[in-house]
Amino acid sequence: MTDFVLYQRDYCKLCDQALALMAAVRAPDFDSAWVDDDPVLEEAYGSRVPVLRDCRDGREMDWPFDESTLRHFLQR
């Protein structure tokens, strides 16, 4: 298991943008969780995706975020 999870949907342009941004900042390895496949995740994250969660402390960052905000979130 990794320290981070990106909650996302299939065919989500915002999720694609978040993934590209994570690649641009060379984010550490993370897991992807598809909210479409899970009613509990759909309820919690369906209207918020993409959402990046830090599993170490439970912090979450909803889209939109930029490089600076993402780097700060990943370093805390």
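Up top is the structure.
Residues numbered from 1 in each chain as written. Predicted model: local features only at pLDDT ≥ 70, side-chain atom pairs only at ≥ 80, totals over all residues. Heavy atoms only, no water.

(A) Local environment of the pattern of salt bridges. Considering all chains together, one arrives at ten salt bridges under this definition. One network of salt bridges, with partners in common, ties together D3, D54, R56, D57 and R59. (Salt bridge = Lys/Arg side-chain N within 4 Å of Asp/Glu carboxyl O.)

(B) Structural context of the sheet that holds strand 2 (residues 31-34). Strand order across the open sheet formed by four strands is 2-1-3-4, with mixed pairing between neighbours. Every other strand in the sheet has two partners, leaving strand 2 and strand 4 (60-62) as the edge strands with one partner each. Taking each pair of neighbouring strands and ignoring which way they run, the sheet shows an average axis angle of 20°. Looking at chain direction, strand 1 (residues 4-8) and strand 2 are connected through four bridges and run parallel. Looking at strand 2, one finds that Y7 is bridged to A33. The strands touched by helix 3 (residues 67-75) within the sheet are strand 1, strand 3 (51-54) and strand 4, with strand 3 carrying the most contacts at an inclination of about 25°. (Pairing = 2+ DSSP bridges. Helix = DSSP H or I, 4+ residues; strand = E, 2+ residues; numbered from the N terminus. Axes fitted to C-alpha atoms, helices over the stretch in contact; angles between N-to-C directions. Contact = heavy atoms within 4.5 Å.)

(C) Layout of the environment of P39. Turning to its location among the elements, P39 is positioned in helix 2 (residues 39-45). Distance in space between the C-alpha atoms of P39 and Y11 is 18 Å, their sequence separation being 28 residues.

(D) Structural context of the packing of aromatic side chains. In total, this model carries three aromatic pairs according to the counting rule given. Ring geometry for Y7 and Y45: centres 3.9 Å apart, planes at 10°, overall stacked. Here the residue Y7 occupies a position in strand 1, and Y45 occupies one in helix 2, the gap between them amounting to 38 residues. When the ring of W63 is compared with that of F65, the centres are 4.8 Å apart and the planes differ by 75°; the resulting orientation is edge-to-face. Here the basic side chain of R59 rests over the ring of F73, its NZ or CZ set 4.1 Å away from the ring centre. (Phe/Tyr/Trp six-rings, centres within 6.5 Å; stacked < 30°, edge-to-face > 60°. Lys NZ or Arg CZ within 6 Å of the ring centre and 35° of its normal.)

(E) Geometry of the packing of helix 1 (residues 13-24) against helix 3. For the pair helix 1 and helix 3, the least separation of the axes is 10 Å and the interaxial angle reads 70°. Regarding the angle of helix 1 to helix 3, the classification is roughly perpendicular. Remark: the crossing between helix 1 and helix 3 carries right-handed chirality. Counting all contacts with helix 1, which are made through L21, M22 and A24, the residues of helix 3 involved are E67, L70 and R71. Grouping the constituent residues of the contact of helix 1 with helix 3 by class yields four nonpolar, no polar and two charged. (Parallel < 35°, antiparallel > 145°, perpendicular 65-115°, else oblique. Left-handed = near helix turned anticlockwise from the far one by under 90°. Nonpolar A, V, L, I, M, F, W, Y, C, P; charged D, E, K, R; others polar.)

This is a description of form; function is not addressed.
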